[in-house]
Amino acid sequence: WQRPRPRSLLLLLLLPTLQVRGTHPDCSVVLHFQKREAGCLERIRNESQTPVQEGCPTEWDGVSCWPALPLGQSRAVACPDILHVFKKSEGLIQRNCTEWGWSPPSPPYHSACQLETLGSSNDTEATARHFVTMKVLYTCGYSTSLAALLLAIGIFSCFRKLHCTRNSIHVQFFTSFVLRGTAVFIKDGVLFSDESIDHCTMSTVTCKAAIAFFQYSVLANFCWLLVEGLYLQTLLLLTFTCDRSYTWGYVLIGWGVPMVTVGVWVLTRLQYDNHGCWDDYSSPYWWVIKAPILLAIFVNFLIFLNVTRMLAQKIRCPDLSKTHKQQYLRLTKSTLLLIPLFGVHYVVFALFPEHVGVDARLYFELVLGSYQGFLVALLYCFLNGEVQAEIRRNWGKWQRSMESNVFNLATQDFTA
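Residues numbered from 1 in each chain as written. Predicted model: local features only at pLDDT ≥ 70, side-chain atom pairs only at ≥ 80, totals over all residues. Heavy atoms only, no water.

As recorded in an unreviewed UniProt entry, the protein chain goes by the name Growth hormone-releasing hormone receptor, listed as coming from Daphoenositta chrysoptera. Taken verbatim from the UniProt record of the protein chain, the Sequence similarities (unreviewed entry) comment is "Belongs to the G-protein coupled receptor 2 family." The Function (unreviewed entry) field of the UniProt record for the protein chain holds the comment "Receptor for GRF, coupled to G proteins which activate adenylyl cyclase. Stimulates somatotroph cell growth, growth hormone gene transcription and growth hormone secretion." (UniProt positions renumbered as here; feature names shortened; annotations may be inferred.)

Shown next, in the form of structure tokens:
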């Protein structure tokens, strides 16, 4: 029996898992075994400094660390305690120290521990098709959202009558969604474009930069949703007085806070946890990103309650005209819909460990989340009465201009 190369046996055992799922819990499994291997290799280095005794030295076989053993004796170790990979963590594997070295594991790991992911080829193919379908769905979702958002940004930018603080905030909110969709495509291209590369163990500057940009876009997205809520509350408090003095404060919250937060996170990972591509959400330093997002959602929820209270008071006010009531309803309905819609699933999943509900988490964050940009463009732009009126006005103006040009050409031909 020939001793396998480091990690070869581990990768062989986990190959079905990594090929089918490819999610963060599987990366945590690889990192778990890497730490065990590092501890075993450190033990081997320490023993190499002591006098060599007859027998078998400490050895790492790719899954377990076998302590040094005298000649003719045997040792048994338990299956690795990774419950979502192995069915039988209490199984025992035995090896003997012979004059030729360590004997092969008996019984083999796959028999003694029974891999959880090993199943019929039909199950494996069905799971693979499921993830392929999910990728197609969120790719279509982000593509649709990007097209709608870019069109909405173009509409707000082209028509001068739509230039105001409120619409400027909408445009920057749209931009954060554009960055988020772009970051998803960049991340997929960097991490999963080459199937021959194991994204769990790759650690390049490019992949770390892609993850950092993705985290920045997600955090900026939640911060600009917070700005939308803050601005809505300001409008209600100031009775529709458009105060431009708050604009730079909104920009600082929307773009500045995410940049500072991600900068702190990058420096923390470089200093204390610089392994992999930084996409392992089980790291405790993930809370540097997670805590501000949860805080933004919590503040938005308080704004949601406060705006609802103020809106109810103003609508019941007998001195308020019907026109003002319609303005309040039009300006608040979109934001009041978005605040709970965007934050509920994130808060629910934040209460559970990252390895719990992976399939549901991926579905909500990737598939349903990919269409959020389209929903935002629909509510704030395409269904906006002010935008529709401006488009109709410019469309009628263009038609009259075209008819005038045609009439002038016809007149010139007749007089000629």
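That covers the picture; the talk isn't over yet.
A. Geometry of the overall build of the protein chain. On a plain count of helices and strands, the protein chain comes out with 12 helices and 5 strands. Within the span of the protein chain, comprising 416 residues, buried residues form 41% of the whole. If you take every contact in the protein chain between residues at least 6 apart in sequence, the share linking residues at least 24 apart comes to 72%. Total accessible area on the protein chain stands at roughly 22,700 Å², and carbon and sulfur atoms take up 62% of it. (Helix = DSSP H or I, 4+ residues; strand = E, 2+ residues; numbered from the N terminus. Buried < 20%, exposed > 50% of the residue type's maximum accessible area, 1.4 Å probe, protein only. Contact = heavy atoms within 4.5 Å. Areas by Shrake-Rupley, 256 points an atom, 1.4 Å probe, with all protein chains shown as cover.)

B. Structural detail: the state of the cysteines. In this structure the tally under the stated criterion is 3 disulfides. Two residues, Cys-56 and Cys-97, share a disulfide whose sulfurs are 2.1 Å apart. Taking the sign of the S-S torsion, 100 degrees for the link of Cys-56 and Cys-97, the bridge is right-handed. In this pair, Cys-56 is assigned in the loop between helix H2 (24-48) and strand E1 (59-60) and Cys-97 in strand E4 (residues 92-98), connecting sequence segments 41 residues apart. The side chain of Cys-207 participates in a disulfide bridge whose partner is Cys-277; the two sulfur atoms lie 1.8 Å from each other. What sets the handedness of the Cys-207 and Cys-277 disulfide is the S-S torsion sign, and at about -100 degrees it is left-handed. Residue Cys-207 is located in helix H6 (residues 205-238), and its partner Cys-277 is located in the loop between helix H7 (247-272) and helix H8 (287-316); the two are separated by 70 residues in the primary sequence. Accessibility expressed as a relative area gives 0% for Cys-207, which makes it buried. The buried category is assigned to Cys-277, whose relative accessible area is 1%. (Disulfide = S-S within 2.5 Å.)

C. Highlighting the UniProt feature "transmembrane region" (unreviewed entry) in the protein chain. The positions that UniProt labels "transmembrane region" (unreviewed entry) are, in the present scheme, residues 136-159, 213-240, 247-267, 287-307, 328-351 and 363-383. Counting secondary structure, residues 136-159 comes out at 96% helix and 0% strand; the distance between its end C-alpha atoms is 35 Å.

D. Spatial organisation of the side chain of Glu-59. Tracing the chain through its elements places Glu-59 in strand E1. At a separation of 2.9 Å, a polar atom in the side chain of Glu-59 contacts the side chain of Arg-95. (Polar contact = N/O pair within 3.5 Å; in protein donor to acceptor, adjacent residues only side chain to side chain.)

E. Local environment of the pattern of salt bridges. For the structure on display, the rule yields 6 salt bridges. Across the pair Glu-47 and Arg-43 runs a salt bridge, and its minimum N-O distance is 3.7 Å. Residue Glu-47 and its partner Arg-43 are both found in helix H2; the two are separated by 4 residues, about one turn of the helix. When its relative accessible area of 39% is taken as the criterion, Arg-43 is described as partly exposed. (Salt bridge = Lys/Arg side-chain N within 4 Å of Asp/Glu carboxyl O.)

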